[in-house]
Amino acid sequence: MQDAKAMRTNFIWDIIDADLAAGKNGGRIQTRFPPEPNGYFHIGHCKAICINFLTAERYDGLCNLRFDDTNPSKEETEYVEAIKHDIQWLGFEWTGGLYYASDYFPKMYELALRLIRNGDAYVCDLTQEEIRATRGTLTEPGTNSPYRDRSVEENLDLFTRMKAGEFPDGSRVLRGKIDMASPNMNLRDPVLYRIVHTDHHRTGDAWCIYPMYDYAHSIEDGLERITHSLCSLEFENHRPLYDWVMEKCGFTVEPPRQIEFARLNLTRTVMSKRYMRELVEGGHVAGWDDPRMPTIAGMRRRGYTPAALRDFVDRVGMSKADSVADIGLLEHCVRENLGDTAARAMAVLRPLKVVLTNWPEGQVDTLTLENHPDHPEMGERLVPFGRELYIEREDFMENPPKKFFRLFPGGEVRLKGAYIIRCDEAVKDAQGEVTELRCTVDLDSKSGGEGAARKVKGTLHWVHAADAVPMEARLYELLLNDEPADVEAEAEDEESAVGAARNKKDFISRLNPASLEIVRGFAEPTLGNANPGDRFQFLRVGYFTMDPDSKPGAPVFNRTVSLKDSWSKVAK
RNA sequence: UGGGGUGUCGCCAAGCGGCAAGGCACGGGACUUUGACUCCCGCAUUCGUAGGUUCGAAUCCUGCCACCCCAGCCA
């Protein structure tokens with residue numbers, strides 16, 4: 001796939017190069033990808049996965065996979081498994097090892113005791129509301145907690161009893177003793193530990209106090225000897241606290257360097273958990289792996305490839321500027337990758353019968369077609385050809401506009417890999433609907449034959465009717481119609497009922513009612529032997545992958561992405 | 001209004017004092033037994049803005065403007 005060492009550099013790698021040049025860490029590089037197992041991954045996670053794993057590869061270093069499971073009320077084993085699967089599917093290995101923050105709980109507890117003994121942390125009895133009220137505001141300093149100056153002995157006693165389960169949830173917390181007047185809110189005596197009497201998916205009821213992110217993350221990085229801790233922009237304000245914990249916990253010899261980068265955003269794609277959950281639970285999609293979902297699972301089922309996703313992340317680039325990548329770039333990457341790797345095949349989505357009046361009744365020829373025009377090594381396949389065929393309904397027009405290269409009364413087209421045919425008559429039903437085309441074949445024009453040199457403007461895909469495989473094709477389009485007219489709505493407080501309702505209404509009104517169209521067509525016989533997950537380019541139609549919903553003899557194909565279509569622009 | 005960040009073509013993004021890379025999108029053309037692919041050509045006298053320093057600035061300095069993040073016992 002990608003060669004991390006050959007990739008163009010970015011600001012993060014420039015920093016690492018400088019660190020290396022300065023002789024830091026003895027030339028050792030170690031990163032970590034630290035997800036909280038609280039949901040399914042989406043395309044946005046790909047960026048963080050790529051930068052961490054590729055950085056390790058680039059510098060012959062290691063990358064750890066670490067589940068940051070410090071909040072038992074949100075995490076589940078199901079997500080741990082899904083995340084591991086997604087990372088491996090993308091082609092990465094946690095060369096540095098697999099870790100869980102929860103495995104460090106004993107160590108974190110010991111370090112908390114150390115902070116208390118050193119006078120760097122204290123047990124605070126203020127309620128959540130009181131802590132909030134005394135934290136100050138963006139422009140006013142906070143005020144010290146009345147419990148701030150408790151003795152080490154009292155703190156030790158109280159913290160020990162917190163761990164022992166003597167106090168109810170929310171009654172006390174352990175706080176770092178830093179500076180209630182700091183302009184950085186994170187430094188106003190941040191909570192380090194809270195009491196939560198909830199079973200943890202890995203440690204069960206062994207603990208009832210759990211460390212907070214800022215405290216835990218530093219220790220995790222410190223213990224694993226991470227050299228560069230890469231995270232997203234919103235943690236910039238946390239860096240001073242990250243460094244503070246690192247120092248107070250004794251990770252003072254070349255502590256990890258935290259570097260922040262901008263998250264990946266995509267046009268016409270919303271990736272918040274609340275939004276995705278609403279789509280699933282509201283029945284707007286079939287599930288977390290619905291091919292329209294921005295989840296890795298959805299994209300996988302849609303037929304997107306790991307190579308395409310990684311190429312996309314690479315092309316989007318790495319910077320600190322808030323940005324929104326164009327969904328068109330993702331589709332381009334998918335087309336480019338599939339164009340090179342997917343076997344070609346023919347399938348007709350909306351069939352129109354064609355009868356070749358001068359082709360002998362009952363005669364079936366076997367034609368040989370290439371599986372890929374640029375890769376002869378992908379071989380050839382045999383395709384039957386006979387008197388009755390199906391072509392795409394939209395490839396025929398009774399009264400065509402100029403520049404229409406397809407079939408029309410009196411017009412000629414080549415059938416891909418077969419013969420040139422002329423349309424003699426369009427048979428209609430009582431409603432005037434065209435039901436069948438009667439055509440004549442130019443028997444001298446067979447592909448590969450002597451008369452094949454004759455040129456006609458258009459070439460159509462087709463399927464021999466007698467042994468066509470009936471199939472269901474699911475045609476997907478973007479879930480959202482356009483960008484939000486009111487950007488403010490996106491910034492609405494997710495926690496407030498009003499904000500949530502407004503957002504819900506907002507994105508539901510943006511849902512594209514045509515995001516899924518199911519059509520029943522016919523595929524060439526070869527496709528009857530396909531397996532779920534196989535990817536093809538249906539000539540002139542698009543890239544498709546066989547869905548797991550397929551049954552023997554009744555394949556279902558998901559359209560991964562359409563082919564670029566410059567004709568539709570001309571036609572308009 | 002405090003602090004931390006970011007502003008280079010429609011969308012991303014290089015650039016780090018010497019005279020604006022590249023990709024996507026878009027427009028034009030060639031080729032084509034996929035109106036696909038491929039291939040040519042075009043696409044910022046200008047770098048949020050106003051000044052300043054300099055022979056010379058997107059790159060240095062100053063002011064201003066815009067946007068993002070921070071007042072969870074979430075991560």
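Residues numbered from 1 in each chain as written. Chains lettered and ligands numbered in written order. Predicted model: local features only at pLDDT ≥ 70, side-chain atom pairs only at ≥ 80, totals over all residues. Heavy atoms only, no water.

**Here we look at the overall build of chain A**
Thinking step 1. Within chain A, the regular secondary structure consists of 15 helices and 25 strands.
Thinking step 2. In terms of overall size, chain A is more extended than a compact globule, its C-alpha atoms giving a radius of gyration of 31 Å where 572 residues would be expected to give roughly 25 Å.
Thinking step 3. Taken along its principal axes, the extent of the C-alpha atoms in chain A is 100 × 55 × 40 Å.
Thinking step 4. Looking at chain A residue by residue over its 572 residues, the buried ones come to 52%.
Thinking step 5. Expressed as a percentage of contacts within chain A between residues at least 6 apart in sequence, the contacts between residues at least 24 apart total 72%.
Thinking step 6. Split by element, the accessible area of chain A, about 25900 Å² in all, is 49% carbon and sulfur.
Thinking step 7. Once the 73 positive and 92 negative side-chain charges of chain A are each reduced to a mean point, those two points are 3 Å apart. (Helix = DSSP H or I, 4+ residues; strand = E, 2+ residues; numbered from the N terminus. Rg over C-alpha atoms; globule rule 2.2 N^0.38 Å. Buried < 20%, exposed > 50% of the residue type's maximum accessible area, 1.4 Å probe, protein only. Contact = heavy atoms within 4.5 Å. Areas by Shrake-Rupley, 256 points an atom, 1.4 Å probe, with all protein chains shown as cover. Lys, Arg positive; Asp, Glu negative; His and termini not counted. Charge placed at Lys NZ, Arg CZ, Asp CG, Glu CD.)

**Some remarks on the packing of helix α11 (residues 306–316) against helix α12 (residues 327–341)**
Thinking step 1. Look at α11 against α12: their axes get within 8 Å of each other, and the N-to-C directions meet at 135 degrees. For the element pair α11 / α12, the angle class is oblique. Both α11 and α12 take part in a crossing whose hand is right-handed. Contact residues: α11 offers Ala307, Ala308, Leu309, Asp311, Phe312, Arg315 and Val316, while α12 offers Leu329, Leu330, His332, Cys333, Val334, Glu336 and Asn337.
Thinking step 2. Residues of the contact of α11 with α12, tallied by class, amount to nine nonpolar, two polar and three charged. (Axes fitted to C-alpha atoms, helices over the stretch in contact; angles between N-to-C directions. Parallel < 35°, antiparallel > 145°, perpendicular 65-115°, else oblique. Left-handed = near helix turned anticlockwise from the far one by under 90°. Nonpolar A, V, L, I, M, F, W, Y, C, P; charged D, E, K, R; others polar.)

**Some words on the protein's contact with RNA strand B**
Thinking step 1. Neighbouring residues of RNA strand B: 65 residues in total, closest Val316, Ser319, Arg406, Ser447 and Ser566.
Thinking step 2. Each atom of RNA strand B within 4 Å of the protein was assigned to sugar, phosphate or base; sugar and phosphate come to 65%.
Thinking step 3. Between RNA strand B and arginine 540 there is a distance of 3.1 Å, counted from a base oxygen to a backbone nitrogen or oxygen.
Thinking step 4. When residues of the surface near RNA strand B are traced back to their parent elements, those giving at least two are α5 (128–133), β6 (191–195), α11, α12 and α15 (567–571). (Near = heavy atom within 4 Å. Polar contact = N/O pair within 3.5 Å; in protein donor to acceptor, adjacent residues only side chain to side chain.)

**As for the pattern of salt bridges**
Thinking step 1. This model, assessed by the stated rule, comprises 44 salt bridges.
Thinking step 2. Here aspartate 289 makes a salt bridge to arginine 301, at a shortest N to O gap of 3.2 Å. Residue aspartate 289 is found in the loop between α9 (273–281) and α10 (296–302), and its partner arginine 301 is found in helix α10; the two are separated by twelve residues along the sequence.
Thinking step 3. You can call aspartate 289 partly exposed: its relative accessible area is 31%.
Thinking step 4. Through salt bridges with shared partners, a single network forms among Asp289, Arg301, Glu472, Arg474, Arg520, Asp547 and Asp549. (Salt bridge = Lys/Arg side-chain N within 4 Å of Asp/Glu carboxyl O.)

**What to know about the packing of aromatic side chains**
Thinking step 1. Applying the stated criterion across every chain yields a total of 23 aromatic pairs.
Thinking step 2. Ring geometry for phenylalanine 67 against tyrosine 100: centres 5.4 Å apart, planes inclined by 25 degrees, an arrangement best described as stacked. Highlighted residues: phenylalanine 67 in strand β2 (residues 62–67) and tyrosine 100 in strand β3 (residues 97–100), separated in sequence by 33 residues.
Thinking step 3. Assessed through its relative accessible area of 0%, phenylalanine 67 is described here as buried.
Thinking step 4. Members of the aromatic cluster, each reached through a chain of ring pairs, are Phe105, Tyr109, Phe159, Tyr193, Trp207, Tyr210 and Tyr215. (Phe/Tyr/Trp six-rings, centres within 6.5 Å; stacked < 30°, edge-to-face > 60°.)

**Topic: unusual backbone geometry**
Thinking step 1. Although it is not a glycine, asparagine 25 sits at a positive phi angle of roughly 55 degrees.
Thinking step 2. Note on placement: asparagine 25 falls in the loop between α1 (11–21) and β1 (30–33).
Thinking step 3. Even without being a glycine, aspartate 189 presents a positive backbone phi close to 45 degrees.
Thinking step 4. Considering the arrangement of structural elements, one finds aspartate 189 in the loop between β5 (173–176) and β6.

**Concerning the sheet that holds β1**
Thinking step 1. What the three strands build is an open sheet, ordered β1-β2-β3; its pairing is parallel. Two strands in the sheet have a free side with no partner beyond their single neighbour: β1 and β3. On average, each strand axis in the sheet is tilted by 30 degrees relative to the strand beside it, whichever way the strands run.
Thinking step 2. In the sheet, β2 pairs with β3 via four bridges, with the strands oriented parallel. (Pairing = 2+ DSSP bridges.)

**What to know about the sheet that holds strand β12 (residues 351–356)**
Strand pairing in a sheet relies on backbone hydrogen bonds. The paired strands run either parallel or antiparallel.
Thinking step 1. Overall, mixed pairing links the seven strands, which are arranged β19-β16-β17-β18-β12-β15-β20 in an open sheet. On the outer flanks of this sheet lie β19 (458–460) and β20 (462–464), each paired with one strand and no other. With direction set aside, neighbouring strand axes in the sheet form an average angle of 40 degrees.
Thinking step 2. With three bridges connecting them, strand β16 (residues 412–415) and strand β17 (residues 420–428) associate as antiparallel partners. Across the sheet, residue glutamate 412 finds its bridge partner in β17, namely arginine 422.

**Some words on the pairing of strand β21 (residues 469–476)**
Thinking step 1. Counted residue by residue, β21 has seven buried out of eight residues, so it is predominantly covered.
Thinking step 2. Here β21 pairs with strand β22 (residues 516–523) via eight bridges, running antiparallel. By the bridge assignment for β22, arginine 474 is matched with isoleucine 518.
Thinking step 3. Bridging between β21 and strand β25 (residues 556–562) involves three bridges; their strand directions are parallel. Among the inter-strand pairings, arginine 474 is bridged to a residue of β25, identified as asparagine 558.

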